[in-house]
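Inside the fold
Here are the chains, one letter per residue:
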Amino acid sequence: MTRIVRVASGQGFWGDWLEAPRRQVEGGPVDYLMLDYLAEVTMSILQKQKERDPNMGYARDFVGAMESVLPAVIARGVRVIANAGGVNPPACAAAIRAAAGKAGAAGKLHVGVVTGDDLLPRLDQLMADGHALAHMETGTPLASVRDRVLSANAYIGSTPIVEALRRGANVVVTGRSTDTALTMAPLRFEFGWGDTDWNRLAAGIIAGHIIECGAQCSGGNCLHDWRSIPDLANVGYPIVEGHEDGTFVVTKHPGTGGRIDVPSVSEQLVYEMGDPHSYITPDVIADFSSIRLEQAGENRVRVFGIQGRAPTDKLKVSIAYRDGYKAVGSLVYVWPDALEKAELADRVLRERLDRLGLRFDHILTEFVGASATHGRLAGDAGRNAPEVQFRIGVRGQDRAAVERFTREIVPLVLNGPPSVTGFAAGRPKVEEIVAYWPALIDKTVVQTAVEIL
Amino acid sequence: MRVRLLDLAHARSGDKGDTANVGVIALKPEWYPLLVEDLTADRVAGHFRGLITGGVERFELPNLHALNFLLHGALDGGGTLSLKTDAQGKVYSTALLRLVFDVPDARAAALRLPSADG
């Protein structure tokens with residue numbers, strides 16, 4: 001019997017099910033709990049929080065998650081790996097140490113803190129040294145938006161997490177680690193995979209890709225035969241059972257709902273996929289066309305055959321910058337002729353915006369219930385819809401214009417087309433747009449550090 | 001015979017910047033070659049004409065009986081910039097599954113394809 005290392009996914013994004021981490025450590029045997037908190041623009045939100053309070057800037061949900069799994073961490077030796085540190089991993093570590101202290105477990109947590117991904121303090125020097133940080137899609141140098149940059153973080157890989165585990169951490173807190181490294185690192189650490197063991201490292205990355213979105217591989221958001229997926233109210237989050245040879249099984253705890261089968265895992269494998277032959281990470285390039293799947297029992301899918309190759313000499317950098325303002329509002333028009341009334345409302349509103357002389361970079365109208373998501377592909381069914389939501393949004397650099405737009409929607413209830421409702425929420429909020437700027441930087445300029453607290 | 005992609009495949013979609021990806025997975029392995037032949041990047045680009053501003057790329061994953069499509073310029077700028085309900089491209093998947101295409105009757109019968117016309 002070969003040794004098995006179990007890595008459980010307890011959070012697919014910041015805002016995911018609060019019950020999941022506890023259910024994962026209490027529902028059966030697991031060795032590691034992996035929690036992914038960071039999406040593309042999360043770092044900028046956290047940066048704003050840190051500017052207001054230097055003790056903030058991390059995913060505060062993680063403190064509650066740690067409290068809920070603390071008994072398992074202390075009594076059963078489950079280790080936790082999370083990128084909850086955001087732009088302030090040391091503050092995050094201090095917060096969970098304080099929570100452990102309150103629970104009478106001071107001294108039982110050894111928190112590994114991974115830093116070095118935050119490039120914001122070094123940004124001007126890096127640019128002066130010739131790092132253009134050009135936008136990966138447009139090629140525009142970062143200098144064009146430098147004065148509006150809110151955060152800049154390199155995506156870092158598994159190496160510092162492995163080091164933290166080697167030095168005895170039972171909780172590892174990182175900043176902008178890749179989502180997949182959170183799963184690959186414990187497998188690499190436990191099995192002693194070498195740093196050029198490309199096929200096994202790639203397998204660890206693909207294991208991470210499968211479970212990084214939580215229940216999205218175990219029956220959640222699964223289109224295949226969706227009516228027959230059992231007991232979603234009690235859905236089981238996924239667990240990877242890793243083997244030394246790089247093969248693994250995706251499963252979930254007994255007695256939980258959802259379903260893990262070849263179709264559910266396949267749907268997650270193609271999620272957010274680019275070129276499947278080159279899934280680039282800091283550790284390895286994984287080839288998704290090499291993956292083999294087979295059903296290995298009820299709610300068990302075996303994954304094998306994975307190939308990888310050496311990574312590039314760059315790291316991706318996630319940069320967020322201010323890019324104007326937006327607001328989106330809506331009203332609901334009702335039978336008879338719901339869509340026709342909504343279309344008239346749109347013409348009336350646009351004419352008023354025009355007469356006010358308001359200028360926007362973009363105005364977008366959608367008719368929810370008729371064509372909002374599928375456009376003309378939805379056909380004519382919307383003409384007979386019992387109700388249609390008229391949804392209109394604007395964006396632009398002029399905050400006052402966007403603000404004025406938000407005042408023009410609700411008046412339509414009394415001075416526009418009839419049979420209208422759905423305005424109870426009042427006028428919409430103006431939001432500052434924090435846009436995403438992906439770039440590349442030489443690996444050699446990013447040095448990570450690990451501290452055990 | 002006319003067949004609906006919805007009856008031949010399942011799908012999931014997501015985003016990367018202003019690009020949506022749609023992964024299409026054959027419901028039966030023996031239907032995958034038909035998808036490879038008929039569900040070309042050009043055909044998908046035609047299906048989404050007027051809904052996306054950029055081109056369409058296609059990648060094959062025979063191991064998963066899947067095709068991956070990248071729809072460029074699909075998300076009104078993408079991410080936080082987008083004003084769309086589906087800013088993250090989550091339901092381009094079923095929009096693609098609306099596609100209907102013709103298969104010669106003999107081949108449709110051999111593959112036991114379900115007809116779009118019942």
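In this report, we go over the structure that sits alongside the text. (Residues numbered from 1 in each chain as written. Chains lettered and ligands numbered in written order. Predicted model: local features only at pLDDT ≥ 70, side-chain atom pairs only at ≥ 80, totals over all residues.)

**Looking at the overall build of chain A**
Our working definition: Only runs of H or I of at least four residues qualify as helices and only runs of E of at least two qualify as strands under DSSP, and these elements are numbered from the N terminus. We call two residues in contact if the C-beta atoms placed from their backbones are at most 7 Å apart.
When helices and strands are tallied, chain A shows 12 helices and 19 strands. With respect to the three principal axes, the spread of C-alpha positions in chain A is 75 × 55 × 50 Å. Of all intrachain contacts in chain A linking residues separated by at least 6 positions in sequence, the fraction that spans at least 24 positions is 75%.

**A word on the overall build of chain B**
Keep this limit in mind: Three exposure classes are used, all based on how many other C-beta atoms lie within 10 Å of a residue's own C-beta (placed from the backbone): buried at 20 or more, exposed at 12 or fewer, and partly exposed between those limits.
Across its full length, chain B holds 4 helices and 6 strands. For chain B, the N- to C-terminal ordering of α and β elements is β-β-β-α-α-β-β-α-β-α. By its C-alpha atoms, chain B is 50 × 30 × 20 Å across when sized along the principal axes. Expressed as a percentage of the 118 residues in chain B, the buried residues total 47%. Taking the contacts inside chain B whose residues are at least 6 apart along the sequence as the reference set, 61% of them involve residues at least 24 apart.

**Re the pairing of strand β5 (residues 149-154) of chain A**
Residue and element names in this part refer to chain A. What counts is decided by this rule: Here, a strand pair is defined by DSSP locating no fewer than two bridges between the strands.
With 5 of 6 residues buried, β5 is to be regarded as a mostly interior element. Here β5 pairs with strand β14 (residues 314-334) via 5 bridges, running antiparallel. In the sheet register, N153 faces β14, and the bridge partner there is S318.

**Section: the sheet that holds strand β3 (residues 19-26) of chain B**
Residues and elements named next belong to chain B. We count it as follows: Axis definition: a line fitted to C-alpha atoms, over the contacting stretch in the case of helices. Angles run 0 to 180 degrees between N-to-C directions.
Taken together, 4 strands build an open sheet; the order of strands is β2-β3-β5-β4 and the sheet is antiparallel. Here the strands that pair on one side only, and so sit at the sheet edges, are β2 (9-16) and β4 (56-61). Neighbouring strand axes in the sheet, compared pairwise and without regard to direction, differ in orientation by 20° on average. With 6 bridges joining them, β3 and strand β5 (residues 66-71) adopt antiparallel strand pairing. Of the residues in β5, the one forming a bridge with N21 is L70.

**Some details on the interface of chain B and chain A**
Heads up, the condition is: Only Asp, Glu, Lys and Arg are considered charged, only Ala, Val, Leu, Ile, Met, Phe, Trp, Tyr, Cys and Pro nonpolar, and every remaining residue, Gly among them, polar.
Every contact between the two is made by 31 residues of chain B and, on the other side, 42 residues of chain A. Elements with a contribution of two residues or more to the side of chain B that touches chain A: β2, β3, β4, β5 and α3 (92-97) of chain B. Here the side of chain B that touches chain A takes 6 residues from β2(B), the largest share from any one element. Grouping the constituent residues of the side of chain B that touches chain A by class yields 12 nonpolar, 12 polar and 7 charged.

**Some details on the packing of helix α3 (residues 61-76) of chain A against helix α4 (residues 89-102) of chain A**
Helix packing geometry: the angle between the two helix axes and the distance between the axes. Residues and elements named next belong to chain A. Going by this rule: Left-handed describes a crossing in which the near helix is turned anticlockwise from the far one by less than a right angle; the clockwise case is right-handed.
Contact geometry of α3 with α4 gives a least axis separation of 10 Å together with a crossing angle of 40°. Of the two elements, α3 crosses α4, and the hand of that crossing is right-handed. Between α3 and α4, the residues in contact are F62, V63, M66, E67 and L70 and C92, A95, I96, A99 and A100, respectively. Of the residues contributing to the contact of α3 with α4, the split by class is 9 nonpolar, no polar and 1 charged.

**What to know about the nonpolar core**
We apply this condition: Working definition: the nonpolar core is a set of buried Ala, Val, Leu, Ile, Met, Phe, Trp, Tyr and Cys residues, joined through C-beta atoms within 7 Å. Segmentation into domains, and thus their bounds, comes from an automatic or database assignment.
Membership of the largest hydrophobic core comes to 148 residues, with the highest contact counts inside it found for L33(A), F62(A), V80(A), V173(A), I206(A), V250(A) and L71(B). For this core, the leading source of residues is helix α8 (residues 198-211) of chain A, giving 9 residues. Both domains that furnish three or more residues to this core are identified here as domain 1 (5-117 + 155-311) and domain 2 (321-435) of chain A. Ignoring anything within four residues of it in the chain, the contact list for F62(A) reads L35(A), Y37(A), A82(A), A84(A) and C92(A). Grouped together as the second largest cluster of nonpolar side chains are 16 residues, L349(A), A385(A), F390(A) and I409(A) included.

**Comments concerning the sheet that holds strand β13 (residues 307-309) of chain A**
All names here are of chain A. The 3 strands lie next to each other as β9-β10-β13, forming an open sheet whose pairing is antiparallel. Sheet topology places β9 (279-280) and β13 at the edges, where each strand pairs with a single neighbour. Bridge count for β9 against strand β10 (residues 285-287) is 2 bridges, and the pairing is antiparallel. Residue pairing across strands places Y279 opposite A286, the latter belonging to β10. Across the sheet, α8 lies against β9, β10 and β13, angled at about 110° from β13, the strand it touches most.

**Re α3(A)**
Residues and elements named next belong to chain A. What counts, and what does not: In a helix, the anticipated span is given by 1.5 Å times the number of residues less one. What the bend at a residue measures is the angle between two axes, fitted to the seven residues ending there and to the seven starting there.
Compared with an ideal rise of 1.5 Å per residue, which puts 16 residues at 22 Å, α3 spans 23 Å between its outermost C-alpha atoms and is within 8% of the ideal. The largest bend in α3 amounts to roughly 55° and is located at V69, with the proline P71 lying one to four residues further along. For α3, the complete set of buried residues consists of F62, A65, M66, V69, L70 and V73. The first or second residue beyond α3 is G77, which carries a positive phi of 75°.

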